[in-house]
Amino acid sequence: MLITFSCPACGNITMFGDQAVTLLKLMGHSGHVPGTLLAADIPASLKRLEDALAENKQQAELQDCEQTEDDDEPPVSLSKRALPLIKLLKAAKVNACNVMWDISSKYNTGI
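First things first, this report covers the structure right here in the doc. (Residues numbered from 1 in each chain as written. Predicted model: local features only at pLDDT ≥ 70, side-chain atom pairs only at ≥ 80, totals over all residues. Heavy atoms only, no water.)

### A look at the environment of Met 100
Selection rule: Strands here are runs of E lasting at least two residues and helices are runs of H or I lasting at least four, both read from the DSSP assignment and numbered beginning at the N terminus. Contacts: residue pairs with any heavy atoms within 4.5 Å of one another.
In this structure, Met 100 sits in strand 4 (residues 99-103). Setting aside residues no more than four positions away along its own chain, Met 100 makes contact with Thr 4, Phe 5, Ser 6, Gly 35 and Thr 36.

As structure tokens, then:
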């Protein structure tokens, strides 16, 4: 499942559903899809997300030290995956517009 975030101030952001739900929960939301974040709630949600990601980054760095050399590639951190969403939230904050998210219909084949 893919989730698409949208707001009038920025282009749409599409990400894997499990990562999108995790980020929504870090913002203090239920993680239900579809959903809406009102413009008035964006600053607090953005702060929660950034604070949670900073905490997760510290934990990830500790885990990276424990990683063996047999791993081919390091995983992409949640902090890096969140960057497009953070950009969208900042644009929505500046332009005082709502953010919406839903299952991406572009890739939904109905199968």
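### Some remarks on the environment of Val 99
Let me state the cut-off plainly: Relative accessible area decides the class of each residue, using a 1.4 Å probe on protein chains only: under 20% of the type maximum gives buried, over 50% gives exposed, and in between gives partly exposed.
Looking at where Val 99 falls in the secondary structure, it is placed in strand 4. Given the relative accessible area of 1%, Val 99 is considered buried. Here the alpha-carbon distance between Val 99 and Leu 37, two residues 62 residues apart in the chain, equals 5.1 Å. Apart from the residues lying within four places of it in its own chain, the contact partners of Val 99 are Phe 5, Ser 6, Cys 7, Gly 35, Thr 36, Leu 37, Ile 42, Leu 88, Leu 89 and Ala 92.

### Details of the pairing of strand 2 (residues 10-16)
Counted only if it meets this: Two strands are said to pair when DSSP picks up at least two bridges between them.
Where strand 1 (residues 2-7) meets strand 2, five bridges bridge the pair, whose relative direction is antiparallel. When the sheet's bridge partners are listed, Ile 3 is paired in strand 2 with Met 15. Hairpin remark: strand 1 followed by strand 2, antiparallel, with two residues in the connecting loop.

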